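Take a look at the letters that make up each chain.
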Amino acid sequence: MSVSTEGGAFAELRLDRVRRAFGEHVALRDLELTIKGGEFVALLGPSGCGKSTALNCLAGLLPLSGGQILMDGRRIDTLPPEKRGFGMVFQNYALFPHMSVRRNVAFGLAMRGVARAERIRRVDEVLRLVQLTEHADKFPAQLSGGQQQRVAIARAIVLEPWLVLMDEPLSNLDASLRLEMRNEIRRLHQSLGLTTVYVTHDQEEALALADRLVVLRDGVVQQVGSPEQVYAHPANRYVAGFMGYRNMIPATVSEVDGDLVAVDVGEVTLRGISRDRITENSAVAAIRPSDVSVADREGENTLRGQVEIVEYHGREQAVQARLPGGVPLHVRTRSRLAPGDSVLFHLPPERLLVFGEHS
Amino acid sequence: MRLVGSPGAWLVWGAVAFFLVNLFGLVLAVVVNSFSVQWFGTWWPNGLTTDYYASAWQDLGLLDVLVVTGQVALAVVALSVLIGVPTAYALARRNFPGKRLVTVLFLLPILLPPMTYGIPLATVLYKFDLAGSVAGVIVANLVPSVPFVVLTMTPFIEQIDPRIEAAARMCGARTLSVFTRVLAPLLVPGILAASILVLVRTVGMFELTFLTAGPGSQTLVVSLYESMFSAGIRAQQAVDAVAVIYTGSMLVLLVIALRFVNPTQLVTRLKEPAP
Amino acid sequence: MTAPTTAPPVSPPGERPPGIAHRLAERGIDRVLLLLVPGVVFVVVLFAYPVLYGLQLSFQPEEGGGPFANYERFFGDPYLRDTIWITLRLAVPAALFNVLASIPIAYRMRGAFRGKRVLTTILVVPITLGTVLTAQGLISYLGPAGWFNKILIGIGLTDEPVRLVNNYWGVLFSLIITGFPFAFLLTLSYLSGIDPTLEQAAATLGADRRRRFRHITFPLLAPGLAITFCLTFVLAFSVFPSAYLVGLPQGETRVISIVAYESAFRDTDYPLGSAIAMVMALVMLVVVGLVLVWRSTMYRGATGGKG
Ligand SMILES: Nc1ncnc2c1ncn2[C@@H]1O[C@H](COP(=O)(O)OP(=O)(O)O)[C@@H](O)[C@H]1O
Ligand SMILES: [Mg+2]
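Conventions used here
- Residues numbered from 1 in each chain as written.
- Chains lettered and ligands numbered in written order.
- Predicted model: local features only at pLDDT ≥ 70, side-chain atom pairs only at ≥ 80, totals over all residues.
- Heavy atoms only, no water.
- Helix = DSSP H or I, 4+ residues; strand = E, 2+ residues; numbered from the N terminus.
- Buried < 20%, exposed > 50% of the residue type's maximum accessible area, 1.4 Å probe, protein only.
- Contact = heavy atoms within 4.5 Å.
- Areas by Shrake-Rupley, 256 points an atom, 1.4 Å probe, with all protein chains shown as cover.
- Pairing = 2+ DSSP bridges.
- Axes fitted to C-alpha atoms, helices over the stretch in contact; angles between N-to-C directions.
- Near = heavy atom within 4 Å.
- Polar contact = N/O pair within 3.5 Å; in protein donor to acceptor, adjacent residues only side chain to side chain.
- Nonpolar A, V, L, I, M, F, W, Y, C, P; charged D, E, K, R; others polar.
- Domains from an automatic or database assignment.
- Salt bridge = Lys/Arg side-chain N within 4 Å of Asp/Glu carboxyl O.
- UniProt positions renumbered as here; feature names shortened; annotations may be inferred.
- Patch = residues over 30% accessible without salt bridge, like charges linked within 9 Å, V, L, I, M, F, W, Y side chains within 5 Å.
- pLDDT = per-residue confidence, 0-100.
- Left-handed = near helix turned anticlockwise from the far one by under 90°.
- Phe/Tyr/Trp six-rings, centres within 6.5 Å; stacked < 30°, edge-to-face > 60°.

### Regarding the overall build of chain C
Part 1 of the reasoning: Looking only at helices and strands, chain C features 13 helices and 0 strands.
Part 2 of the reasoning: When the elements of chain C are put in sequence order from the N terminus, they spell out α-α-α-α-α-α-α-α-α-α-α-α-α.
Part 3 of the reasoning: Buried positions account for 52% of the 307 residues belonging to chain C.
Part 4 of the reasoning: Nonlocal contacts in chain C, meaning residues at least 24 apart in sequence, comprise 70% of its contacts between residues at least 6 apart.
Part 5 of the reasoning: With the model as given, the accessible surface of chain C reaches about 14200 Å², and the carbon-plus-sulfur share is 67%.

This is the structure we're talking about:
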């Protein structure tokens, strides 16, 4: 049995309680996810959280320990990887070192028995798309990192797969190349009408690229949602931390009124938002450094802190101050501060998220 | 890099030079003797001739011996690669309960003197009427060769990124294609290196062949030993001629081997095979 | 997209595949392990079985007596028992010399320089000599009428030819000539695997040549040296033809291989021969075990080399 792979599109790919264990250690726990055709989904999480495991399960490179994968209602988790018709871009590219760029890209077509003339045409076309035409006869070892990366992408997309899987494809590149390739990947996704599952530990990359984010922690899904949802409304303290809420101020809940909560930090009471009705007494108040501003007088939601470290970031400064309880507060501000200054900081209530300490 | 300079360096290179000069003298003594008409107690023989090569060739039936040696060596190389490489692949790619035991099982034939398993093996081969035949010699020589291939190929396969195989699968290659199109070309340098080392080892392996060979299944080392042991019967020069032939063929093998194997990379190998 | 011809039915949620294969695969057990079968069958049939057969045979003495009669005979008869010491007296110095001499030479040959390949090849050539040519060469070259003694007498270092073959020294030289290239190759290989920037780092921290070697290179090299010693020792401990050809096979170079061989094949006492082979294996394993215990006290991680 084999699934056709040419010009494929599917309506939905459903991961139903997909599970994978290594001996006693559960690397991926009951992953539920539905991917629609044409979507760009990013799996986001720190190193070791099970992203590659999820991707390899989807690709068929790792057998599942439980659950199933359905494509438009048909089970595909029993198919070997070569019959699923997915393309994959590996973190270190995994180019065949003994084949030229052209033969690397043509390999999948040869495996599918595509005729020679057609093969040459399609390889040339894809190489033009990733701008590697003049490097077609080089070997992987003769290419730069960015070029190798583009060969890996070309090798995956030349088959016009139903689904392209990418495992941290940009993590080995330097910063400027990373930005450039990021645009390239999004451009290819759109112009070829691909469906893409993209694994990364870089939240900025995930936010920039994806239609939908899946945040993982220790093999468990924390939140699924659009970039806006995840960015503005992280589901819990962990996701918030990952989404740039660098300040986590320990606090005690004093008042709950629907979404609005008041918490005490030392002497001061702060007002903020809690999306899931908070039940615990001890909480953390989370806010992004860029949402904190310098206040000129005492008022609602202000805290006094002592400036300790100032980093120059062009127009802005990144400031680390210390609150009276000894808790550090990170601030990005255009005001000019100097170490030793005692400053009042304003934490806008609509930007201050309160999570139960164990959420 | 500076090779000489300090007194320590002079000492080391002096010792190396002393060793090499004596070694050269040793080899030269055998070569000169093999060409000499008669040489006894003087600095130089009283005449040179190639007669002893001709007589050694005929008396010892060297052609047959060389044919047997070639047969044994090639069969051992082919079989130990066929058996050893798949084993090495499984050991390199999988962690399974009992892996240490399997590894020790493959280490022992290399760590034990050939005599220790050669004697019981010869006994068993006699029991099954295999001793004395070319087949018996091949079987005996396989015992250290298969583990040797396993132990040299395992690290070689480990350094080939398994994701390259995964990538081939994602391109739609089935197991057979993954093997023939991707894995095999990457394994060739390692297999070549291991084969040549097995070849050199087998041609030079004395004990196991000695214990299991009979008339007609002797390899070159063993007939050399026999001819030397029965030195009274045969002229010294003839024995030396055989020794020179043996060393000459080993030297050719070694020079070929060094073309494929960088001796400094016996233990730590190149990360990426050159394209 | 074409529909597959034999699509498996969709399982209702809650039903899981039986998963025994999966659970085994999680522990690394899958069809790839079938590749082990030929190799394991091979060592079991042709190595483990003969060794165990020999072990069992060694407990069935030809001349009757208890199961341990062969071992009692070996350890009771000084003519047999002493072969262990005779062999160790040859093998330990030879292996030690080969390894210790390899270190300074290999250490000076790290890094790239012109002629390195040629020099390496020359040092490795003795591998091709084999025991028999080495023996022939030793007899002609070091013999009483050989060039070596002629030179010694010529420059007045001695009046009488020095006896260097057909005794302990002949066999020792033979073991060094055949064993040194091997030890040298392995040592050079292990040394090349040590990242040279580690020594440079130590130099910037104020360590001179000697202390760099003592504190950085040597500790990283030591585990490799242990392996090298083991492998060189096996070669030396197995000494057989050269003990006949350039030694005194009935006297000071009556090594254990000789008595094992002679018992089994000259006297066709297979059980005694097997018993001696087992003793030989045991001594070998004890020595290797001691070396490995020493090695386990050393750092054994990556040496940061080029590969
Ligand atoms: N082959 C394996 N054997 C055992 N444990 C593994 C294996 N592969 C991954 N793991 C474990 O599973 C967890 C998730 O790994 P992975 O999916 O690679 O994480 P990442 O999110 O960094 O890609 C890690 O804790 C890792 O140690
Ligand atoms: Mg990963």
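Resuming the write-up.
### Some thoughts on the sheet that holds strand β2 (residues 25-36) of chain A
Residue and element names in this part refer to chain A.
Part 1 of the reasoning: Across the sheet, 4 strands lie side by side as β2-β1-β4-β5; this open sheet has antiparallel pairing. Edge strands, defined here as strands with exactly one partner in the open sheet, are β2 and β5 (74-75).
Part 2 of the reasoning: The sheet contact formed by strand β1 (residues 12-22) and strand β4 (residues 66-71) spans 5 bridges and is antiparallel. Note on β4: the bridge partner recorded for D16 is Q68.
Part 3 of the reasoning: Here helix α1 (residues 51-59) sits on the sheet in contact with β1, β2 and β4, set at roughly 120 degrees to β1.

### Quick notes on the site of ligand 1
Residues and elements named next belong to chain A.
Part 1 of the reasoning: Taken together, F22, H25, A27, P46, S47, G48, C49, G50, K51, S52 and T53 make up all the residues around ligand 1.
Part 2 of the reasoning: The separation between an oxygen atom of ligand 1 and a polar main-chain atom of G50 is 3.0 Å.
Part 3 of the reasoning: Contacts to ligand 1 include S52, whose side-chain N or O atom sits 2.6 Å from an oxygen atom.
Part 4 of the reasoning: Contact with the protein chains removes 58% of the 550 Å² of surface that ligand 1 exposes when unbound.
Part 5 of the reasoning: A total of 3 residues in the shell around ligand 1 trace back to one element, the largest contributor, which is α1.
Part 6 of the reasoning: Class assignment for the residues of the shell around ligand 1 results in 4 nonpolar, 6 polar and 1 charged.

### Some points on the pairing of strand β18 (residues 328-333) of chain A
Where a strand is regular, its side chains alternate between the two sheet faces.
Residue and element names in this part refer to chain A.
Part 1 of the reasoning: Of the pairings in the sheet, the one linking strand β17 (residues 316-322) to β18 comprises 6 bridges and is antiparallel in character. Residue pairing across strands places Q320 opposite H330, the latter belonging to β18.
Part 2 of the reasoning: In this structure, the hairpin formed by β17 and β18 is closed by a connection of 5 residues, where G326 is found at a positive phi of approximately 95 degrees.

### Some thoughts on the domain arrangement of chain B
Residues and elements named next belong to chain B.
Part 1 of the reasoning: Taken domain by domain, chain B consists of domain 1 (7-49) and domain 2 (54-267).
Part 2 of the reasoning: Placing the centre of domain 1 and that of domain 2 at their C-alpha centroids yields a distance of 31 Å.
Part 3 of the reasoning: Across the boundary between the two partners, domain 1 contributes 7 residues, which contact 6 residues of domain 2.
Part 4 of the reasoning: At the surface where domain 1 touches domain 2, the tally comes to 0 salt bridges.
Part 5 of the reasoning: If you look at where domain 1 meets domain 2, you find 2 residue pairs in polar contact (both at pLDDT 80 or more).

### Here's the deal with the UniProt feature "transmembrane region" (unreviewed entry) in chain B
Residues and elements named next belong to chain B.
Part 1 of the reasoning: Under the feature "transmembrane region" (unreviewed entry), the UniProt entry names residues 12-35, 72-92, 104-128, 134-157, 178-200 and 241-261.
Part 2 of the reasoning: Spanning residues 104-128, this segment combines 88% helix with 0% strand, and its end C-alpha atoms are found 27 Å apart.
Part 3 of the reasoning: The distance from the first to the last C-alpha atom of residues 178-200 is 31 Å, and the span holds 100% helix and 0% strand.

### Notes on the sheet that holds β18 of chain A
All names here are of chain A.
Part 1 of the reasoning: Within the open sheet, the 5 strands sit side by side as β15-β19-β16-β17-β18. Their pairing is antiparallel. Single-partner strands in this sheet number two, and they are β15 (293-294) and β18.
Part 2 of the reasoning: When strand β16 (residues 302-313) meets β17, the two strands line up antiparallel, connected through 7 bridges. Considered in β17, the bridge of Q306 is made with R322.

### Structural notes on the environment of L177 of chain A
Part 1 of the reasoning: Relative to the elements of secondary structure, L177 of chain A occurs in helix α5 (residues 175-192).
Part 2 of the reasoning: C-alpha separation for the pair L177 of chain A and G38 of chain A, spaced 139 residues apart in sequence, amounts to 26 Å.

### Topic: the interface of chain B and chain C
Part 1 of the reasoning: Facing the 92 residues of chain B at the interface are 96 residues of chain C.
Part 2 of the reasoning: In this structure, the connection of chain B to chain C is made through 4 residue pairs in polar contact (both at pLDDT 80 or more).
Part 3 of the reasoning: The set of elements that each furnish at least two residues to the side of chain B that touches chain C consists of α1 (7-35), α3 (62-93), α4 (99-111), α5 (114-127), α6 (134-158), α9 (207-212), α10 (220-229) and α11 (236-260) of chain B.
Part 4 of the reasoning: It is α1 of chain B that provides the largest number of residues to the side of chain B that touches chain C, a total of 16 residues.
Part 5 of the reasoning: Residue composition of the side of chain B that touches chain C, by class: 69 nonpolar, 16 polar and 7 charged.

### Re the environment of T180 of chain B
Part 1 of the reasoning: Position of T180 of chain B among the secondary structure elements: in helix α8 (residues 175-204).
Part 2 of the reasoning: Judged by its relative accessible area of 43%, T180 of chain B falls in the partly exposed class.

### Thoughts on a nonpolar patch on the surface
Part 1 of the reasoning: A contiguous nonpolar patch, built from W43, W44 and L48 of chain B together with I151, I155 and L157 of chain C and spanning about 710 Å² of accessible area, is present on the exposed surface.
Part 2 of the reasoning: Within the secondary structure, W43 of chain B sits in the loop between α1 and α2 (51-59).
Part 3 of the reasoning: W43 of chain B gets classed as partly exposed once you look at its relative accessible area, which sits at 49%.

### Thoughts on the side chain of E165 of chain B
Part 1 of the reasoning: Relative to the assigned elements, E165 of chain B resides in helix α7 (residues 162-170).
Part 2 of the reasoning: For E165 of chain B, the residues in contact, after removing those within four places along its chain, are Y89, R93, V178 and L183 of chain B.

### Re unusual backbone geometry
Part 1 of the reasoning: The phi dihedral of N301 of chain A is positive, around 55 degrees, even though this residue is not glycine.
Part 2 of the reasoning: Relative to the helices and strands, N301 of chain A resides in the loop between β15 and β16.
Part 3 of the reasoning: For N301 of chain A, a relative accessible area of 2% gives the class buried.
Part 4 of the reasoning: Of note in the backbone geometry, D129 of chain B takes a positive phi value of approximately 60 degrees without being a glycine.
Part 5 of the reasoning: With relative accessibility at 70%, the residue D129 of chain B sits in the exposed group.

### What to know about the confidence of the model for chain C
Residues and elements named next belong to chain C.
Part 1 of the reasoning: Per-chain confidence: chain C averages 83 in pLDDT, with 88% of residues scoring 70 or above.
Part 2 of the reasoning: Residue range residues 1-18 is modelled with pLDDT below 50. Its contacts to residues more than four positions away, or to other chains, number 28 contacts.
Part 3 of the reasoning: Reported for the predicted complex are a pTM of 0.79 and an ipTM of 0.84.

### Examining the packing of α3 of chain B against α6 of chain B
Residues and elements named next belong to chain B.
Part 1 of the reasoning: At a minimum axis distance of 6 Å, the contact between α3 and α6 shows a crossing angle of 35 degrees. With respect to the hand of their crossing, α3 and α6 are arranged in right-handed fashion.
Part 2 of the reasoning: Split by residue class, the contact of α3 with α6 holds 21 nonpolar, 7 polar and 2 charged.

### Structural notes on the packing of aromatic side chains
Part 1 of the reasoning: Under the definition given, this model contains 29 aromatic pairs over all chains.
Part 2 of the reasoning: With a centroid separation of 5.4 Å and 65 degrees between ring planes, the pair formed by F19 of chain B and F180 of chain C is classed as edge-to-face. Within this pair, whereas F19 of chain B is found in helix α1, its partner F180 of chain C is found in helix α8 (residues 168-192), the two belonging to separate chains.
Part 3 of the reasoning: A centroid spacing of 5.1 Å and a plane angle of 40 degrees characterise the contact between F210 of chain B and Y261 of chain C, whose relative ring orientation is tilted. Pair noted here: F210 of chain B is in helix α9 and Y261 of chain C is in helix α12 (residues 256-266), and the two residues belong to different chains.

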